[in-house]
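Understanding the architecture of this molecule
Each chain, written out:
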Amino acid sequence: MTGTVTHDPPPGGDRPGAPLIVTEDTALLDDLLRLCAAAGATPEVHHGLPGPRGSWEAAPLVLVGDDAARRARGASRRQGVVLVGRDQDDPGVWRRAVEIGADHVLMLPDGEQWLVDRIADVAEGVGRPALTVGVIGGRGGAGASTLACALAVTSAREGRRTLLVDADPLGGGLDVALGGETAEGLRWPAFASSHGRVGGGALEESLPELHALRVLSWDRGDCLSVPPRAVRAVLAAARRGGGAVVVDLPRRVDEGVAEVLAQLDLALLVVPAELRAVAAAGRVASAVGMVLRDLRVAVRGPYASGLDDREVARLLGLTLVGDVPVEPALQRPYGTGRAPGVTGRGPLARFCREFWERALTEARTA
């Protein structure tokens, strides 16, 4: 059980730090230390209040055992204080929480997952989440995977923390597209049992690093899906680190893909400029539009007679991002050419730079 006393956010905003535990209850302390370990945090422990100008004021999160509430009455008022107890039938706990200026009252064991998440937030630092962009083809062979790779490589070249996520198990693997199929690191099947909270830092360090970005792709085994709860946990961890996350999406919507769509800030529908592709893209847009908040169209030539990028956008009823340049060197099969956008030169790299400039400006002013 958890309860809110005030609605102010905890201090520390975007800086990591060690939580402070104040209790003399050894059983409660054991539980709190266990929860801190699960969240990847090493706390500071005091049986009474720390000295003046000490960790009470500096800690991003303070966990006060109910046994120590009376001793904490004289402490300076601050945000980010949680009163932790076990007796859910004790009506006096709310009065004690008000006396110490606690933001929340939490009862174990019911509130354990909430507390692990809160501790992990301060251990990792919680700032602005990553701008998360999906890329999906209006039809097969539209070039969505190439654009997803180019966007991710361009973002990393600009010094931004970037993750590229392959959400299409039948797509052949984005690690292959980037020339890193043998790179060491975990692939999607390793996260199939994930649930609850996944540590953002641990996730990033476990993935292959290619072209200065981290890549979560599929291996060459028989696993073709992971549970939706694992998809939700992994993508949430990827977003918490800030920067940019690019997701290559399949053209179908199942429960796992719906979890991805729900966490996207926007998505690009890549549509070749031909009538049959526009018709197919309309069906894709209808399917993903039931979940996705912001879907835009990127048109790829060559153009059929009577079509241009604005007409394609009008037919689909979507906002136009622009014309996706075609680079002949990228039309060769994966593994025989350079990774998309890796040189930083050419029309595709320029398209990607301009996209990020606009998208990040929109995110800052939102």
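This write-up is about the structure you can find in this document.

Scoring rules and cut-offs
- Within any chain, residue numbers begin from 1 and follow the written order of that chain's sequence.
- pLDDT decides what is reported in this predicted model: residues at 70 or higher carry local features, side-chain atom pairs at 80 or more are listed and counted, and totals for whole chains, interfaces and linings draw on all residues regardless.
- Side-chain numbers come from the whole structure's heavy atoms, not from hydrogens or water.
- Any two rings among Phe, Tyr and Trp, with Trp reduced to its six-membered ring, count as a pair given centres within 6.5 Å; such a pair is stacked if its planes are under 30 degrees apart, edge-to-face if over 60, and tilted if neither.
- Summary of the burial criterion: residues with accessible area below 20% of their type's maximum are buried, those above 50% are exposed, and those between are partly exposed, where the area comes from a 1.4 Å probe applied to protein chains only.
- Sitting over a ring, as applied to charges here, requires NZ of Lys or CZ of Arg to be within 6 Å of the ring centre and within 35 degrees of the ring normal.
- Working definition: helices are DSSP H or I runs of at least four residues, strands are E runs of at least two. Numbering for both runs from the N terminus.
- In this scheme, strands are said to pair when DSSP sees at least two bridges between them.
- In the cavity and pocket records, a cavity denotes points on a 1 Å grid over the protein atoms alone where a 1.4 Å probe fits but cannot get out, a pocket denotes an open set with protein on both sides within 12 Å along at least 5 of 7 lines, and lining residues are residues with an atom within 4 Å of a point.
- Grid points are joined across faces, edges and corners, and a volume is the space filled by probe spheres set on the points.
- Residues are grouped as follows: nonpolar covers Ala, Val, Leu, Ile, Met, Phe, Trp, Tyr, Cys and Pro; charged covers Asp, Glu, Lys and Arg; every other residue, Gly included, is treated as polar.
- We call two residues in contact whenever any of their non-hydrogen atoms come within 4.5 Å of each other.
- Note on method: axes are straight lines fitted to C-alpha atoms, helices fitted across the in-contact stretch only, with angles between N-to-C directions ranging 0 to 180 degrees.
- Polar contact is defined as a pair of N or O atoms within 3.5 Å, subject to the rule that within protein one atom must be able to donate a hydrogen and the other to accept it, and that residues adjacent in sequence are counted only when both atoms are side-chain atoms.
- Note on patches: the residues involved have over 30% relative accessible area and no salt bridge, like charges join within 9 Å, and the nonpolar side chains Val, Leu, Ile, Met, Phe, Trp and Tyr join within 5 Å.
- Using the Shrake-Rupley algorithm and a 1.4 Å probe, accessible areas are obtained, with residue cover drawn only from the displayed protein chains.
- Just to be clear on terms, a salt bridge is a Lys or Arg side-chain nitrogen sitting within 4 Å of an Asp or Glu carboxyl oxygen.
- Crossovers are described as right-handed under a simple rule: with the strands pointing away from the observer, the path leading from the first strand over the helix to the second runs clockwise.
- Only a pair of cysteine sulfur atoms within 2.5 Å counts as a disulfide in this structure description.
- As used in this record, nonpolar core signifies buried Ala, Val, Leu, Ile, Met, Phe, Trp, Tyr and Cys residues forming a set joined through side-chain atoms within 4.5 Å.

This part is about the packing of aromatic side chains. In this description, an aromatic ring pair is defined by two values, namely the gap between the centres and the angle between the planes. Per the stated rule, a full pass over the model turns up 2 aromatic pairs. Consider the rings of Phe355 and Trp356, whose centres lie 5.3 Å apart with planes at 65°: the pair is edge-to-face. Each member of the pair, Phe355 as well as Trp356, carries the same accessibility label: buried. In this structure, Arg160 packs its charged tip against the face of Trp356, placed 5.6 Å from the ring centre.

Buried residues dominate strand β13 (residues 295–300), accounting for 6 of its 6 residues. With burial as the criterion, each face of β13 is covered, one bearing Leu295, Val297 and Val299 and the other bearing Arg296, Ala298 and Arg300. As paired strands, strand β12 (residues 266–272) and β13 are joined by 6 bridges and run parallel to one another. Among the inter-strand pairings, Val271 is bridged to a residue of β13, identified as Val299.

This brings us to empty space enclosed by the protein. What the rule picks out here adds up to 2 cavities of 30 Å³ or more. Quantified by volume, the second largest cavity comes out at close to 30 Å³. Elements with a minimum of two residues in the lining of the second largest cavity: β8 (162–166) and α8 (228–240). Broken down by class, the residue content of the lining of the second largest cavity amounts to 8 nonpolar, no polar and no charged.

Read from one edge to the other, the open sheet built from 8 strands follows the order β9-β10-β8-β11-β7-β12-β13-β14, with strand pairing classed as mixed. A single partner strand is all that each edge strand has here, and the edge strands are β9 (209–210) and β14 (319–324). Strand direction decides the pairing type here: β8 and strand β10 (residues 213–216), joined by 3 bridges, are parallel. Bridge pairing links Leu164 to Val215 in β10. The strands touched by α8 within the sheet are β7 (131–137), β8, β10 and β11 (244–249), with β11 carrying the most contacts at an inclination of about 145°.

The subject of this paragraph is the side chain of Glu259. In this fold, Glu259 is placed in helix α9 (residues 255–263). Here the side chain of Glu259 touches Arg232 through a polar contact of 2.6 Å, side chain to side chain. Once residues lying within four places of it in the same chain are set aside, the contact partners of Glu259 are Pro228, Val231 and Arg232.

There is a patch of nonpolar side chains on the surface, built from Val253, Met290 and Val291 and spanning about 280 Å² of accessible area. Inspection of the secondary structure assignment puts Val253 in the loop between β11 and α9. On the basis of relative accessibility, which here comes to 36%, the residue Val253 falls in the partly exposed class.

What follows deals with the pairing of β14. Here β13 pairs with β14 via 5 bridges, running parallel. Its bridge partner being in β14, Val297 is matched across the sheet by Leu320. Each parallel crossover has a hand, and the one from β13 via helix α11 (residues 309–316) to β14 is right-handed.

Time to look at the state of the cysteines. Applying the stated rule across the entire model yields 0 disulfides. Of all cysteine sulfurs, the one in Cys149 lies closest to Cys352, which takes part in no disulfide; the gap is 10 Å. Judged by its relative accessible area of 0%, Cys352 falls in the buried class.

On to the nonpolar core, then. Among the nonpolar cores identified, the biggest contains 45 residues, and Leu203, Val247, Leu269, Val271, Val312 and Leu316 are the most heavily contacted of them. Breaking this core down by element, the ones donating at least two residues are β8, α8, β11, α9, β12, α10 (275–289), β13 and α11. Sequence-distant contacts of Val312, that is, excluding residues within four places in its chain, are made with Val271, Ala273, Val278, Val297, Val299 and Leu307. Within the second largest apolar cluster, 36 residues are counted, among which are Leu151, Leu164, Leu213 and Leu266.

Another point: the pattern of salt bridges. If you walk through the whole model with that rule in mind, you get 22 salt bridges. With a shortest N-O distance of 2.8 Å, Glu112 and Arg34 are connected by a salt bridge. Taken together, the positions of Glu112 in helix α4 (residues 112–124) and Arg34 in helix α1 (residues 26–38) put the pair 78 residues apart, joining distant regions of the chain. Linking Arg252 and Asp254 is a salt bridge whose minimum nitrogen-to-oxygen distance equals 3.5 Å. Of the residues examined, Arg252 reaches a relative accessible area of 33% and is grouped as partly exposed. Take Asp254: its relative accessible area is 34%, and that puts it in the partly exposed class.

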